[in-house]
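# Report on the structure
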Amino acid sequence: MIATISLSVGIVFLAELGDKSQLMALTFALRYRWWVVLGGIASASAAVHLISVGVGYFVGAALSTRAIALVAALTFLAVGLWTLREHFGSDDAQAEPKPPRSTTAPFLVVLSAFLLAELGDRTMFATAALATDNSWIGVWIGSTIGMVAADALAIAAGILVGKHLPEHVIGICSGLLFLYFGTASLLAAARPDLGILTGGALATLAPATAGVALLIRSRRAHRISERTPLAEPAEEMR
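All values derive from a computational prediction rather than experimental measurement. (Residues numbered from 1 in each chain as written. Predicted model: local features only at pLDDT ≥ 70, side-chain atom pairs only at ≥ 80, totals over all residues. Heavy atoms only, no water.)

### Considering the nonpolar core
Judged by nonpolar contacts, the single largest core of 21 residues is most densely connected at Met24, Phe28, Val37, Ile41, Phe76, Val110 and Phe114. Of the residues forming this core, the biggest block, six residues, is contributed by helix 7 (residues 104-118). Once you skip the residues sitting within four places of it in the chain, Ile41 turns out to touch Ala25, Val110, Phe114, Asp151 and Ile155. Listed in part, the six residues of the second largest apolar core include Leu84, Ile172, Leu176 and Leu179. (Core = buried A, V, L, I, M, F, W, Y, C linked by side-chain atoms within 4.5 Å. Buried < 20%, exposed > 50% of the residue type's maximum accessible area, 1.4 Å probe, protein only. Helix = DSSP H or I, 4+ residues; strand = E, 2+ residues; numbered from the N terminus. Contact = heavy atoms within 4.5 Å.)

### Thoughts on a positive patch on the surface
There is a patch of like positive charges on the surface, built from Arg219, Arg220, Arg223 and Arg227. Overall, the relative accessible area of 52% leaves Arg219 in the exposed class. (Patch = residues over 30% accessible without salt bridge, like charges linked within 9 Å, V, L, I, M, F, W, Y side chains within 5 Å. Areas by Shrake-Rupley, 256 points an atom, 1.4 Å probe, with all protein chains shown as cover. Salt bridge = Lys/Arg side-chain N within 4 Å of Asp/Glu carboxyl O. Lys, Arg positive; Asp, Glu negative; His and termini not counted. Charge placed at Lys NZ, Arg CZ, Asp CG, Glu CD.)

### Description of helix 11 (residues 196-203)
In an α-helix, one turn spans 3.6 residues, which is why side chains three or four residues apart end up on the same side. When helix 11 is considered as a whole, its buried residues turn out to be Gly199, Gly200 and Ala203. Down the axis of helix 11, the buried set is contained in an arc of 100°. They therefore lie on one face. (Arc of directions from axis to C-beta.)

### Focus on the packing of aromatic side chains
Following the criterion strictly, the structure yields two aromatic pairs and no others. Arranged with centres 6.2 Å apart and planes meeting at 40°, the rings of Phe28 and Phe114 form a pair that is tilted. A residue pair is termed long-range when its members are at least 10 positions apart, and Phe28 in helix 2 (residues 20-31) and Phe114 in helix 7 qualify at 86 residues. Phe114 sits in the buried class, given a relative accessible area of 0%. Each member of the aromatic cluster is reached from another via a ring pair, and the members are Phe28, Tyr32 and Phe114. (Phe/Tyr/Trp six-rings, centres within 6.5 Å; stacked < 30°, edge-to-face > 60°.)

### Description of the side chain of Thr4
With respect to the helices, strands and loops of the structure, Thr4 is situated in helix 1 (residues 2-16). Residue classification places Thr4 among the buried positions, given a relative accessible area of 11%. With near-sequence residues (within four places) excluded, Thr4 lies in contact with Asn134, Ser135, Gly138 and Val139.

### Focus on the packing of helix 1 against helix 9 (residues 136-162)
Packing of helix 1 against helix 9 leaves a shortest axis separation of 7 Å and a crossing angle of 35°. Note that helix 1 runs across helix 9; the crossing there is right-handed. Between helix 1 and helix 9, the residues in contact are Thr4, Ile5, Ser8, Val9, Val12, Phe13 and Glu16 and Gly138, Val139, Ile141, Gly142, Ser143, Ile145, Gly146, Met147, Ala149, Ala150 and Leu153, respectively. Grouping the amino acids of the contact of helix 1 with helix 9 by side-chain chemistry returns 11 nonpolar, six polar and one charged. (Axes fitted to C-alpha atoms, helices over the stretch in contact; angles between N-to-C directions. Left-handed = near helix turned anticlockwise from the far one by under 90°. Nonpolar A, V, L, I, M, F, W, Y, C, P; charged D, E, K, R; others polar.)

### Some points on the packing of helix 3 (residues 34-54) against helix 9
When two helices pack together, their arrangement is given by the angle between the helix axes and the distance between those axes. One way to put it is that helix 3 packs onto helix 9 with a least axis distance of 9 Å and a crossing angle of 150°. In this view, helix 3 runs roughly antiparallel relative to helix 9, as classed from their interaxial angle. In terms of crossing hand, the pair formed by helix 3 and helix 9 is right-handed. In this structure, helix 3 uses Trp34, Val37, Leu38, Ile41, Ala42, Ser45, Ala46, His49, Leu50 and Val53 to contact helix 9, whose residues at the interface are Trp136, Val139, Trp140, Ser143, Thr144, Met147, Val148, Asp151, Ala152, Ile155 and Ile159. Along the lines of polarity and charge, the residues of the contact of helix 3 with helix 9 split into 16 nonpolar, four polar and one charged. (Parallel < 35°, antiparallel > 145°, perpendicular 65-115°, else oblique.)

### Some words on the environment of Ala190
Tracing the backbone through its elements, the reader meets Ala190 in helix 10 (residues 167-190). By relative accessible area, which is 39% here, Ala190 ends up partly exposed. Between the C-alpha atoms of Ala190 and Leu70, which are 120 residues apart in sequence, the distance is 8.0 Å.

This is the structure we're talking about:
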């Protein structure tokens, strides 16, 4: 059992290094509390790997990975647009005290995002393959620990980055990253013939376009705010 757990931890940990799940974990860590993100990732990992080791490769092959990828892409795009809409505003608006955030909604967002992203992923099939020749309990425990450990590194990186950036900048950056994830997933599902490099390069157009649009809108809002105080003295003289 210990050998099986150790083997599963090592394989999944190495497989997740540099994977999209680590980038997702870092992005979520920039926006939500680290323990909420880690809890959502752990729950999603346990559920996905339980499916892979319990039901095995046949159910995994029966799942429509293309449909799952499309749903995941739309989820990432929706989260990105929602994040940008929430964090874009003037500095005065951000200076106002904010009510305490609920942890239920962020947990569900992280949980659903990782469930959709990991269903049909190569890690799921690798876990199913390990379970054919080893104890499924050991593989389940080890694979879950391996994924959580790999994503915990990304969460730690997100915490370090978050300490040196204002919340407004963090929100915009995380929103743009989600737009990239959503576009990349959408292209991978719709046009798998493009390849990873081509799809990744095309996916940068979405956050780049959104970033330019935000910059133009921010400059316009700044110009309007500069003109507004000039009109007030004239009204008082009347």
